[in-house]
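Summary of structural features
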Amino acid sequence: MTLAIVCTHKDPSPWCEALQQLAPELDIQVWPDVSDPAAVSMVLCWKHPPGVLLNFPNLQCICSMGAGVDHMLGDPALPADVPVVRLVDPMLAQSMFEYVCATVMYYYRDLDLYQGQQQRALWLQQLPRSMGSTTIGVMGLGELGGFVAQRFAAMGFKTIGWSRSSKAMTDVSCYVGQEGLAAFLAQTQILVCLLPLTDETRGILNADVFNALPRGACIINVARGEHLVEQDLLEALASEQVRGACLDVFQHEPLASTHPFWGHQNILLTPHCSSITNPSSVAPQVMENYRRLQHGETLLNRVDLQRGY
Ligand code: NAP
Ligand code: GLV
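Below: a short report on this structure. The residue numbers shown here count from 1 along each chain, following its written sequence. All chains are assigned letters beginning at A, and all ligands numbers beginning at 1, according to the order in which they are written. pLDDT decides what is reported in this predicted model: residues at 70 or higher carry local features, side-chain atom pairs at 80 or more are listed and counted, and totals for whole chains, interfaces and linings draw on all residues regardless. Note that the side-chain values use all heavy atoms of the structure and ignore hydrogens as well as water.

1. Digging into the layout of surface pockets
Think of a 1 Å grid over the protein atoms and nothing else: a 1.4 Å probe that fits but is trapped marks a cavity, an open set flanked by protein within 12 Å on at least five of seven lines marks a pocket, and residues with an atom within 4 Å of a point count as lining. Grid points are joined across faces, edges and corners, and a volume is the space filled by probe spheres set on the points. Roughly 340 Å³ of internal volume is contained in the second largest pocket. What lines the second largest pocket is a set of 17 residues, among which Asp112, Leu113, Gly116, Gln265 and Asn266 lie closest to the centre. Put simply, DSSP marks the helices as runs of H or I at least four residues long and the strands as runs of E at least two long, and each gets a number from the N terminus on. Residue assignment for the lining of the second largest pocket shows that the elements contributing at least two residues are α4 (111-119), α8 (230-238), β11 (242-247) and β12 (267-269). If you tally residues by element for the lining of the second largest pocket, the top one is α4, at 6 residues. Just so you know the grouping, Ala, Val, Leu, Ile, Met, Phe, Trp, Tyr, Cys and Pro go in nonpolar, Asp, Glu, Lys and Arg go in charged, and all remaining residues, Gly too, go in polar. Class assignment for the residues of the lining of the second largest pocket results in 7 nonpolar, 6 polar and 4 charged.

Shown next, in the form of structure tokens:
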């Protein structure tokens, strides 16, 4: 049996090293140099070229090299009936929290305003606020959003969350579905998007949502670029309905050098780096699923293809 890595936009070398260290006997092959496609039982994928997985006739498991799976499920030629799994990893959650914390602090401590003042050599102190009077709203309360929300609540921020099904979380008020969205947005001063990209969530960060936030709210999108309607954000920033946006993900990555986001005074952007999978951290989980596959056992972190996440 062979494990193949089929990825673009990611270096497969550290993955090979981490897996080989755990399982020296494992046959790992990196697409497109796969000598015997019929021997491949499991693939690790990141933004694979659509249709390419049909080259493996005996595939039994497709594993994302990250938390998200939209990059795989968008392939119309994804082999039917092959289980899809994803990665759930404490390091991914911690790294995401660190990034979101840095960006929340950027707005909470008015660093965006001071940056603007510095450009004008303007010495002007902003009045401080308190964590308890600042509301962070987290869209998506799964492995990452749930962790992030609980950490902010523990820091003392007023923290609320929104998800598809109801949740009970200590010190985090949870809102559910379309019926809970307006009440969630009306309180949210700093909005963090940690939703998966599905047919239901595509374009969710749009003018309706921005207008439902308190005036001057900030947006942090660390989920997927397709969640955001870019023109709606530019208009909300121009009208000052939205104060600023921190964006880690984009509809087209890498972001084109001519894109208006690059030079926008009220946008802080980063190259999809808020939480990059650490191959050494996830290798045991990949190998455990490989072992389970061989023994016909239930796979870890299986994706519900109907739900899309
Ligand atoms: P997850 O565990 O699957 O959690 C998804 C959450 O979103 C769940 O709480 C789910 O609600 C909620 N949700 C899904 N559809 C919804 C809808 N229509 N309305 C309301 N809530 C909805 O996912 P995760 O592991 O936390 O990851 C979230 C996303 O983060 C990934 O899909 C990926 O796109 C992104 N990500 C980005 C980076 C980066 O570097 N920028 C890194 C890792 C991940 P229920 O709990 O009710 O099911
Ligand atoms: C990164 O974007 C991931 O989905 O892990």
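Read on for the rest.
2. Examining unusual backbone geometry
Between Trp31 and the following residue, Pro32, the backbone shows a cis peptide bond with an omega angle of 10°. Topologically, Pro32 is positioned in the loop between β2 (27-30) and β3 (40-46). Cis geometry marks the peptide bond from Glu253 to Pro254, where omega comes out at -5°.

3. Here we look at the site of ligand 1
By convention in this text, a residue qualifies as near a molecule or strand provided that one of its non-hydrogen atoms is within 4 Å of it. Around ligand 1, the surrounding shell holds 30 residues, and the nearest of these are Arg86, Leu144, Ser165, Lys167 and Tyr309. Here a polar contact means two N or O atoms within 3.5 Å. Within protein one must be a hydrogen donor candidate and the other an acceptor candidate, and residues neighboring in sequence count only if both atoms are side-chain atoms. Separating a nitrogen atom of ligand 1 from a backbone N or O atom of Val222 is a distance of 2.9 Å. Within the side chain of Ser274, one N or O atom sits 2.9 Å away from a nitrogen atom of ligand 1. Coverage of ligand 1 by the protein amounts to 93% of the 940 Å² it exposes when considered alone. The element best represented in the shell around ligand 1 is helix α5 (residues 143-155), accounting for 3 residues. For the shell around ligand 1, a count of residues per class yields 12 nonpolar, 10 polar and 8 charged. For the accessible areas, the method is Shrake-Rupley and the probe is 1.4 Å, while residue cover comes only from the protein chains on display.

4. Structural notes on the sheet that holds strand β1 (residues 2-7)
Only strands that DSSP links by at least two bridges are regarded as paired with each other. The parallel open sheet is built from 5 strands, whose spatial order is β2-β1-β3-β4-β5. Edge positions in the open sheet fall to β2 and β5 (84-85), since each of these has one partner strand only. By definition in these notes, contact holds between two residues if any of their heavy atoms fall within 4.5 Å. Every angle, taken between N-to-C directions, lies between 0 and 180 degrees, and every axis is a line fitted to C-alpha atoms, over only the stretch in contact when it is a helix. Against the sheet, helix α1 (residues 13-22) contacts β1, β2 and β3, and its axis sits at roughly 175° relative to β2. Contacting β1, β3, β4 (61-64) and β5, helix α9 (residues 279-294) crosses the sheet at an angle of about 150° to β3.

5. Quick look at the nonpolar core
Grouped together as the largest cluster of nonpolar side chains are 30 residues, with contacts concentrated most on Met139, Leu191, Leu205, Phe210, Ile219, Leu233 and Phe261. When near neighbours in sequence (up to four residues on either side) are disregarded, Ile219 contacts Leu191, Leu205, Phe210, Leu213, Leu233, Val242, Gly244, Ala245 and Cys246. Within the second largest apolar cluster, 29 residues are counted, among which are Val104, Tyr106, Ile136 and Val222. By nonpolar core we mean a set of buried residues, namely Ala, Val, Leu, Ile, Met, Phe, Trp, Tyr and Cys, connected to one another through side-chain atoms within 4.5 Å. Think of it in three bands: residues with accessible area under 20% of the maximum for their type are buried, residues over 50% are exposed, and the middle band is partly exposed, with areas taken using a 1.4 Å probe on protein chains only.

6. Focus on helix α6 (residues 177-187)
Turning to α6, its buried residues number three or more, namely Gly177, Gly180, Leu181, Phe184 and Leu185. Seen end-on, α6 carries its buried residues on one side only, within an arc spanning 135°. Exposed residues on α6 whose side chains face more than 90 degrees from its buried face are Glu179 and Ala182. By arc we mean the arc of the directions from the helix axis to the C-beta atoms, nothing more.

7. As for the sheet that holds strand β9 (residues 190-193)
Judged by pairing direction, the sheet is parallel, and its 7 strands sit side by side in the order β8-β7-β6-β9-β10-β11-β12 without closing on themselves. Each having just a single partner strand, β8 (172-176) and β12 make up the two edges of the open sheet. With direction set aside, neighbouring strand axes in the sheet form an average angle of 15°. Where strand β6 (residues 135-139) and β9 come together, 4 bridges link them in parallel fashion. Within β9, the residue paired with Ile136 across the bridge is Ile190. Packing of helix α3 (residues 90-108) onto the sheet brings it into contact with β6, β9, β10 (217-221), β11 and β12, and relative to β11 it is tilted by some 155°.

8. Focus on the site of ligand 2
Near ligand 2 you find Trp46, Gly66, Ala67, Gly68, Arg224 and His272, and these make up its full shell. In the model, an oxygen atom of ligand 2 is placed 2.7 Å from a nitrogen or oxygen of the Ala67 main chain. Arg224 places a polar side-chain atom, nitrogen or oxygen, 2.8 Å from an oxygen atom of ligand 2. Coverage of ligand 2 by the protein chains reaches 86% of its 190 Å² of free accessible surface. Of the residues that constitute the shell around ligand 2, the class distribution is 2 nonpolar, 3 polar and 1 charged.

9. Examining the packing of α3 against α5
Two quantities define a packed helix pair, namely the angle between the axes and the distance from one axis to the other. Contact geometry for α3 and α5: axes closest at 9 Å, N-to-C directions at 50°. Relative to α5, the element α3 is oriented oblique. Taken as a pair, α3 and α5 cross one another with a handedness that is right-handed. For the pair formed by α3 and α5, the contact residues are Leu92, Ala93, Gln94, Met96, Phe97, Val100, Cys101, Val104 and Met105 on the first element and Glu143, Leu144, Phe147, Val148, Arg151, Phe152 and Met155 on the second. Across the contact of α3 with α5, the residue classes tally to 13 nonpolar, 1 polar and 2 charged. Just so you know how the angles are binned, under 35 degrees is roughly parallel, over 145 roughly antiparallel, 65 to 115 roughly perpendicular, and the rest oblique. Crossing handedness: left-handed means the near helix sits turned counterclockwise from the far one by under a right angle, and right-handed means the same turn made clockwise.

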